[in-house]
Amino acid sequence: MPRRRRPVLVRVPAALATALMGAVLAGCGGGTAAPPAPPKPTPLASYDGTVAQVGRAPFCSRVPDRAVLEAVGTKVTTSHYGNGQRLPGTEDVSHEYGCVFTGSDVVARGWVFVPPVTPARAAQLVTAARKVPGCRPVPAAKFGSPAVGTLCHGGGHATVTYRGLFGDAWLACSLAEPTTRPAAARAAAEKALVARAGIWCVRVATAASASAS
């Protein structure tokens, strides 16, 4: 009589066995896939706004909630405005679409002019921003072209603002927080504010670019 063959045992490494079992369970509904990680924020130095097309239109609703929370914290209030409405806190009538997000002590803004802006007019706006008393320039990278960044002190607050021309749209954004005291810690706080403002402004530009599509 022929001999019966014994079954061949194949040893599977423990790590591979665990991975295979997880795949089987997930396929059978016995596992839960991990939620995708949120996208990492883009620093201003890594953003190229010279290729973006910004719409001269409302865009505040396109700014992600996560971006607002990371910029100003919790308990956010909004006071957005449109063309022909009064600017918040003033008697001036706006010719822009603007977003204002206010946290407990931080204010994040974004606004775009409604009228088209020429490169020559943009150059004048850049020069004017650099001459504002109490302000000093900070690198604006490619936040449009031309572009300007400033760090200003006034009213007990430090405010970082970026402005730039995207096509024929003049887009601006800012992040303001109380001035750090004591003065010895101010330089580090200003550096952190500049970085956070850059991330915020990239998100504003991305939202405003979406309004152009």
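Calculation rules
Residues numbered from 1 in each chain as written. Predicted model: local features only at pLDDT ≥ 70, side-chain atom pairs only at ≥ 80, totals over all residues. Heavy atoms only, no water. Helix = DSSP H or I, 4+ residues; strand = E, 2+ residues; numbered from the N terminus. Contact = heavy atoms within 4.5 Å. Areas by Shrake-Rupley, 256 points an atom, 1.4 Å probe, with all protein chains shown as cover. Disulfide = S-S within 2.5 Å. Buried < 20%, exposed > 50% of the residue type's maximum accessible area, 1.4 Å probe, protein only. pLDDT = per-residue confidence, 0-100. Salt bridge = Lys/Arg side-chain N within 4 Å of Asp/Glu carboxyl O. Pairing = 2+ DSSP bridges. Axes fitted to C-alpha atoms, helices over the stretch in contact; angles between N-to-C directions. Parallel < 35°, antiparallel > 145°, perpendicular 65-115°, else oblique. Left-handed = near helix turned anticlockwise from the far one by under 90°. Nonpolar A, V, L, I, M, F, W, Y, C, P; charged D, E, K, R; others polar.

A. A look at the overall build of the protein. A count of helical and extended segments in the protein gives four helices and seven strands. Considering only contacts in the protein between residues 6 or more positions apart, those separated by 24 or more positions represent 55%. When the accessible surface of the protein is split by element, carbon and sulfur atoms take 59% of a total near 13,000 Å².

B. Examining the state of the cysteines more closely. For the structure shown, the criterion picks out three disulfides. In this model C60 forms its disulfide with C99; the gap between the sulfur atoms is 2.1 Å. The disulfide joining C60 to C99 has a torsion of about -95 degrees about its S-S bond and is therefore left-handed. With a gap of 39 residues between them, C60 in the loop between α1 (14-27) and α2 (65-72) and C99 in strand β2 (residues 96-102) connect regions that are remote in the sequence. You can call C60 buried: its relative accessible area is 14%. Residue C99 is classed as buried on the basis of its relative accessible area of 2%. Between the sulfur of C173 and that of C201 lies a disulfide, 1.9 Å long from S to S. Disulfide C173-C201: the torsion about the S-S bond is 125 degrees, which places it as right-handed. Pair noted here: C173 is in strand β7 (residues 169-178) and C201 is in helix α4 (residues 186-210), with a separation of 28 residues, a long-range link. Assigned by exposure class, C173 and C201 land together as buried.

C. Broad picture of the confidence of the model for the protein. In the predicted model, the protein carries a mean pLDDT of 85, and 82% of its residues have values of at least 70. Scored below 50 in pLDDT, residues 7-30 makes four contacts in the model with residues more than four places away or belonging to other chains.

D. Quick look at the pattern of salt bridges. What the rule picks out here adds up to five salt bridges. Here E70 makes a salt bridge to R203, at a shortest N to O gap of 2.7 Å. A residue pair is termed long-range when its members are at least 10 positions apart, and E70 in helix α2 and R203 in helix α4 qualify at 133 residues. Owing to a relative accessible area of 38%, E70 belongs among the partly exposed residues under this scheme. In this structure R203 comes out as buried when scored by relative accessible area, which is 16%. Through salt bridges with shared partners, one network takes in R66, E70 and R203.

E. Layout of unusual backbone geometry. Cis rather than trans, the peptide bond between S145 and P146 has omega equal to 0 degrees. Topologically, P146 is positioned in the loop between β4 (135-138) and β5 (147-154). Even without being a glycine, K75 presents a positive backbone phi close to 55 degrees. Backbone geometry at A141 places phi at a positive 50 degrees, although glycine is not the residue there. Structurally, A141 can be placed in the loop between β4 and β5.

F. Structural context of the sheet that holds β7. Judged by pairing direction, the sheet is antiparallel, and its seven strands sit side by side in the order β1-β2-β3-β7-β6-β5-β4 without closing on themselves. Pairing within the sheet leaves two strands with one partner each, and these edge strands are β1 (77-78) and β4. Pairing analysis gives ten bridges linking strand β6 (residues 157-166) to β7, with the strands arranged antiparallel. Looking across to β7, one finds that H157 is bridged to P178.

G. Molecular detail of the packing of α2 against α4. For the pair α2 and α4, the least separation of the axes is 10 Å and the interaxial angle reads 160 degrees. Regarding the angle of α2 to α4, the classification is roughly antiparallel. The handedness of the crossing between α2 and α4 is left-handed. Taking contact as the criterion, the partners of A67, V68, E70 and A71 in α2 are, on α4, R196, W200 and R203. Classifying every residue of the contact of α2 with α4 gives four nonpolar, no polar and three charged.

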